[in-house]
Amino acid sequence: MDAKTLLFYIFAAIAVVSALRVVTARNPVHSALFLVLTFINAACIWMLLEAEFLAITLVLVYVGAVMVLFLFVVMMLDINLDKVREGFWRNLPVAAFVGVVVVLELSAVLIHAFSGVKASDAPVQPEGYSNTEALGQLIYTEYVYPFELAAVLLLVAIVAAIALTLRRRKDARYTDPSKAVRTKAADRIRIVKMPAQPKDSAQ
């Protein structure tokens with residue numbers, strides 16, 4: 001067994017164990033952290049498969065952005081764990097059945113793939129080959145229209161999310177920047193003149 005295969009088994013084992021801890025941990029913050037560990041090990045496996053771009057994208061997008069957002073949401077919400085876990089044992093048989101089916105399907109695909117492909121049939125890449133460069137050439141040449149379409153869809157989704165969340169509340173104060181810029185000192189301070197009163201009358 002070479003070093004690459006050994007590293008694959010190590011990363012795969014850690015990924016499987018951390019994925020199990022995601023669904024079995026009682027603390028939701030711990031579940032989110034175990035999911036981060038799962039993503040990192042999946043990125044390491046992609047690095048072993050020479051998919052550097054996908055690995056760094058997984059780390060930057062999911063670990064660096066999505067999971068940080070999940071952690072903020074989980075820590076800010078007051079989650080009642082007892083209420084969340086209601087019906088866990090009642091739904092366990094269905095969940096176990098679905099999990100076994102998924103495992104069998106993945107095993108069938110992997111066994112078929114590994115049994116039909118020999119080491120000599122694997123493509124040999126030329127020296128200095130970069131799959132990131134090849135991926136960039138494919139995206140901006142052959143798949144440029146689907147790429148632009150996906151970018152437009154994501155932009156529309158961002159605008160729609162902002163439009164749905166920007167709702168004015170009657171009990172909230174808002175500042176008009178144009179009025180703040182046009183404000184003068186006389187508008188902020190009002191000097192009131194009051195007649196002086198004798199000391200005896202004030203008492």
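These figures come from a predicted structure and were not determined experimentally.

A. The overall build of the protein, seen in detail. Summing up its helical and strand segments, the protein has 10 helices and 0 strands in all. For the protein, the α and β elements follow one another from N to C terminus as α-α-α-α-α-α-α-α-α-α. Long-range pairs, those at least 24 residues apart, make up 55% of the contacts in the protein between residues at least 6 apart in sequence. Accessible area for the protein stands at about 17700 Å²; split by element, carbon and sulfur atoms hold 69% of it.

B. Region of the structure containing the UniProt feature "transmembrane region" (unreviewed entry) in the protein. The UniProt record marks residues 6-24, 31-49, 55-79, 91-114 and 143-166 with the feature "transmembrane region" (unreviewed entry), using the residue numbering of this structure. The span residues 6-24 carries 100% helix and 0% strand; its end-to-end C-alpha distance comes to 27 Å. In residues 31-49, helix accounts for 95% and strand for 0%; the two terminal C-alpha atoms are 27 Å from one another.

C. Expanded view of the packing of aromatic side chains. Summed over the entire model, instances satisfying the criterion amount to 3 aromatic pairs. Seen from their ring centres, F8 and Y9 are 5.7 Å apart, and the 65° between their planes marks the pair as edge-to-face. Judged by centre distance (5.4 Å) and plane angle (50°), the rings of F39 and Y62 are tilted. Taken together, the residues F39 in helix α2 (residues 28-48) and Y62 in helix α3 (residues 52-76) connect sequence positions 23 residues apart. We classify Y62 as partly exposed; its relative accessible area is 41%.

D. Looking closely at the nonpolar core. Residues A32, V36, F39, A43, A55, L58, V63, M67 and L71 constitute the largest nonpolar core, which totals 9 residues. The set of elements that each furnish at least two residues to this core consists of α2 and α3. No other element matches α3, which puts 5 residues into this core. Once residues within four sequence positions are removed from consideration, A32 is found in contact with M67 and L71.

E. Inspection of helix α1 (residues 3-24) at higher detail. With 22 residues, α1 extends 32 Å from end C-alpha to end C-alpha; this agrees with the ideal 32 Å at 1.5 Å per step. Its buried side turned inward, α1 meets α2.

F. Examining a nonpolar patch on the surface more closely. Judged by side-chain polarity, M1, L6, L7, F8, Y9, I10, I14 and L37 come together as a nonpolar surface patch covering roughly 760 Å² of accessible area. At 6 residues, α1 tops the list of elements feeding residues into the nonpolar patch. Mapped onto the elements of the fold, I14 is located in helix α1. Owing to a relative accessible area of 35%, I14 belongs among the partly exposed residues under this scheme.

G. Examining the side chain of S18 more closely. Here S18 is to be found in helix α1. The contact partners of S18, leaving out residues within four places of it in the chain, are F34, L37 and T38.

H. Structural context of the packing of α2 against α3. Axis separation between α2 and α3 bottoms out at 9 Å; the angle between their running directions is 175°. Overall, the two elements α2 and α3 adopt an arrangement that is roughly antiparallel. Along the contact surface, α2 presents P28, V29, A32, L33, L35, V36, F39, I40, A42, A43, W46 and M47, while α3 presents E52, L54, A55, L58, V59, Y62, V63, M67, L71, V74 and M75.

I. Representation of the environment of I139. Tracing the sequence through the fold places I139 in helix α6 (residues 131-139). Since its relative accessible area comes to 22%, I139 is described here as partly exposed.

J. Focus on the side chain of N41. With respect to the helices and strands, N41 occurs in helix α2. Classification of N41 as buried rests on a relative accessible area of 5%. What N41 contacts, discounting residues up to four positions off in sequence, is F11, I14 and A15.

Reading the values: the criteria
- Residues numbered from 1 in each chain as written.
- Predicted model: local features only at pLDDT ≥ 70, side-chain atom pairs only at ≥ 80, totals over all residues.
- Heavy atoms only, no water.
- Helix = DSSP H or I, 4+ residues; strand = E, 2+ residues; numbered from the N terminus.
- Contact = heavy atoms within 4.5 Å.
- Areas by Shrake-Rupley, 256 points an atom, 1.4 Å probe, with all protein chains shown as cover.
- UniProt positions renumbered as here; feature names shortened; annotations may be inferred.
- Phe/Tyr/Trp six-rings, centres within 6.5 Å; stacked < 30°, edge-to-face > 60°.
- Buried < 20%, exposed > 50% of the residue type's maximum accessible area, 1.4 Å probe, protein only.
- Core = buried A, V, L, I, M, F, W, Y, C linked by side-chain atoms within 4.5 Å.
- Expected span 1.5 Å × (residues − 1).
- Patch = residues over 30% accessible without salt bridge, like charges linked within 9 Å, V, L, I, M, F, W, Y side chains within 5 Å.
- Salt bridge = Lys/Arg side-chain N within 4 Å of Asp/Glu carboxyl O.
- Axes fitted to C-alpha atoms, helices over the stretch in contact; angles between N-to-C directions.
- Parallel < 35°, antiparallel > 145°, perpendicular 65-115°, else oblique.

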